[in-house]
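# Observations on the three-dimensional arrangement
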Amino acid sequence: MSTRLARILTTIFVLAVVLLPIYWLVSTSLKFNREITQEGTLYPHVPTLDNYVRLFTEKQFGSYLTNSLVVTFFSVAIALVAGAMGAYAIARFRLPLAMEGKVGLFLLTLRIIPPVVILIPVYLLMLSLGLLDSWLGLIATYTAFNVTFCVWMMESFFREIPVDLEEAAMVDGDSRFGAFRRITLPLAAPGLAATAIFAVLVTFNEFLFALALTATPRAMTMPRGTATLIGRIDTDWASMSAAGVIGALPIVFFALLVQRHLVRGLTMGAVK
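Residues numbered from 1 in each chain as written. Predicted model: local features only at pLDDT ≥ 70, side-chain atom pairs only at ≥ 80, totals over all residues. Heavy atoms only, no water.

Inclusion rule: UniProt positions are given in the numbering used here, feature names are shortened, and annotations may be inferred rather than shown by experiment.
Looking at an unreviewed UniProt entry, one finds the chain named Multiple sugar transport system permease protein and attributed to Mesorhizobium shonense. As recorded by UniProt, the Subcellular location (unreviewed entry) comment attached to the chain reads in full: "Cell membrane".

Below is the structure:
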């Protein structure tokens, strides 16, 4: 009985830790700023949707959200295509000096370098290419970071797929690329989904490079645009909370969309 009670209490505690910030965010987004800064109520006494309306009518949040969705989609899609082919090559072919066993570690090392270390070189590169404050500049930057992560993640999935399946397809007349596209990729779909959702989370929430590389609403992403709600004198907490709620919805929908593949991907050993 005591064990069961401990489990129930632990579950309640974990749910409270997870759900309380979400409740507070949604609750704050439905309040007036006076109720947030002066009264400090636990729930909105007079719920309002004005904060959401003002985001799109006065704060140009629609542009920020569109920029985030476009940049995230193309950077992750390109990184997945390039990363899948790179990971397949590492998993299937022998490289000089037996480098196939070390490339993954090398790519992971590049990925964990603090972004602020390379912020200035990336900024100067985009400046010289004329890609500042543009979708293309952000897509190129995020793709470069995501490719290393995708290769590292996908390599383990391709190693777990039997080579015999591809060889059987090639014996039947298929090419190496054809076997990769028709046999290996469908079997690696859970791995692609697991890799995609992690890449989407990192890209959609990225702030530092968006701050340095964008300056106008035509290219500002959602995290960068939300930061503009912080003024020199005061902060629009209600609008920021509403922006947080809206910004979380695409990630939630995407997670629900790939949930089945994601669970399979995690059980296949995507997380090392």
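After that view, the rundown keeps rolling.
### Details of the overall build of the chain
Heads up, the condition is: Think of it this way: any DSSP run of H or I at least four residues long counts as a helix, any run of E at least two long counts as a strand, and we number them from the N terminus. Here the term buried applies to any residue with accessible area under 20% of the maximum for its type, exposed to any over 50%, and partly exposed to those in between, with areas from a 1.4 Å probe on protein chains only. For this analysis, residues touch if any pair of their heavy atoms sits within 4.5 Å. With residues, only the protein chains shown are counted as cover, and all accessible areas are computed by Shrake-Rupley using a 1.4 Å probe. When charges are counted, Lys and Arg are positive and Asp and Glu negative, with His and the chain ends excluded. A single reference atom marks each charge: NZ on Lys, CZ on Arg, CG on Asp, CD on Glu.
From N to C terminus, the chain includes 14 helices and zero strands. Listing each helix as α and each strand as β along the chain from the N terminus yields α-α-α-α-α-α-α-α-α-α-α-α-α-α. If one aligns the C-alpha atoms of the chain with their principal axes, the spans along those axes are about 75 × 65 × 30 Å. Residue burial in the chain is summarised as follows: out of 272 residues, 39% are buried. By sequence separation, contacts in the chain at least 24 residues apart represent 73% of the contacts at least 6 residues apart. Roughly 15,500 Å² of accessible area belongs to the chain as shown, and the carbon and sulfur atoms make up 72% of that amount. In the chain, 20 positive and 16 negative side-chain charges are present, and the distance between their average locations comes to 3 Å.

### Comments concerning the UniProt feature "transmembrane region" (unreviewed entry) in the chain
In this numbering, the UniProt entry assigns the feature "transmembrane region" (unreviewed entry) to residues 7-26, 69-91, 103-129, 135-154, 191-217 and 237-258. The span residues 7-26 is 100% helix and 0% strand, and its two end C-alpha atoms sit 28 Å from each other. Annotated as residues 69-91, this span is 100% helix and 0% strand, and its ends, taken at the C-alpha atoms, are 32 Å apart.

### Some words on the environment of Leu-49
Within the secondary structure layout, Leu-49 lies in the loop between helix H2 (33-39) and helix H3 (50-57). In this structure, the C-alpha to C-alpha distance between Leu-49 and Val-116, residues 67 residues apart in sequence, is 37 Å.

### With respect to the nonpolar core
Convention followed: Note on terminology: a nonpolar core comprises buried Ala, Val, Leu, Ile, Met, Phe, Trp, Tyr and Cys residues joined through side-chain atoms within 4.5 Å.
With 21 residues, the main nonpolar core has Leu-55, Phe-61, Leu-65 and Ile-246 as its most contacted residues. Among the elements that take part in this core, helix H4 (residues 61-92) stands out by supplying six residues, more than any other. Filtering out sequence-adjacent residues up to four positions away, Leu-65 remains in contact with Phe-204, Met-222, Ile-246 and Pro-250. By size, the runner-up hydrophobic cluster in this structure holds 14 residues, among which are Ala-84, Leu-107, Phe-158 and Ala-188.

### Notes on a nonpolar patch on the surface
Applicable threshold: Each patch is assembled from residues with relative accessible area greater than 30% and no salt bridge, linking like charges that lie within 9 Å and nonpolar side chains (Val, Leu, Ile, Met, Phe, Trp, Tyr) that lie within 5 Å. The working definition used for a salt bridge is a side-chain nitrogen of Lys or Arg within 4 Å of a carboxyl oxygen of Asp or Glu.
Taken together, the side chains of Phe-13, Val-14, Leu-15, Val-17, Val-18, Leu-19, Ile-22, Leu-25 and Val-26 define a hydrophobic patch exposed on the protein surface, amounting to about 780 Å² of accessible area. Locating Leu-15 in the fold gives a position in helix H1 (residues 2-29).

### Description of the packing of aromatic side chains
As a reminder, the rule being used: Two rings from Phe, Tyr or Trp (for Trp, the six-membered ring) form a pair when their centres are within 6.5 Å of each other. A pair whose planes differ by under 30 degrees is stacked, one over 60 is edge-to-face, and the rest are tilted. Over a ring means this: the NZ of a Lys or the CZ of an Arg is within 6 Å of the ring centre and within 35 degrees of the ring normal.
All told, the structure shown has 10 aromatic pairs when counted by the stated rule. Relative to Tyr-64, the ring of Phe-61 lies with its centre 6.4 Å away and its plane at 90°, an arrangement referred to as edge-to-face. You can see Phe-61 and its partner Tyr-64 sitting in helix H4, three residues apart, about one turn around the helix. The class of Phe-61 is buried, set by a relative accessible area of 1%. Aromatic pair Phe-158 and Phe-180: ring centres 6.0 Å apart, planes at 50°, arrangement tilted. Linking Phe-158 in helix H7 (residues 135-160) with Phe-180 in helix H9 (residues 176-187), this pair joins segments that are 22 residues apart in sequence. The two residues Phe-158 and Phe-180 agree in class, both being buried. An aromatic cluster is present here, built from Tyr-88, Phe-158, Phe-177 and Phe-180 joined pairwise through their rings. In this structure, Lys-31 packs its charged tip against the face of Trp-24, placed 4.7 Å from the ring centre.

### Some words on helix H13 (residues 237-257)
Here is the rule: What a helix is expected to span follows from its residue count: subtract one and scale by 1.5 Å.
For H13, built from 21 residues, the straight-helix expectation of 30 Å at 1.5 Å per residue is met to within 8% by its first-to-last C-alpha distance of 31 Å. Within the span of H13, buried status applies to Ala-238, Ser-239, Ser-241, Ala-242, Ala-243, Val-245, Ile-246, Gly-247 and Ile-251. Considering only its buried residues, H13 is in contact with H1, H2, H3, H4, helix H10 (189-204) and helix H12 (222-227).

### Quick word on the pattern of salt bridges
All told, the structure shown has five salt bridges when counted by the stated rule. With a closest N to O distance of 3.2 Å, Asp-236 and Arg-54 form a salt bridge. With a gap of 182 residues between them, Asp-236 in the loop between H12 and H13 and Arg-54 in helix H3 connect regions that are remote in the sequence. By sharing partners, the salt bridges in this structure join Arg-54, Lys-59 and Asp-236 into a single network.

### Observations regarding the environment of Gly-244
Within the secondary structure, Gly-244 is located in helix H13. Along the backbone, Gly-244 and Met-222 are 22 residues apart, and their C-alpha atoms lie at a distance of 9.2 Å.

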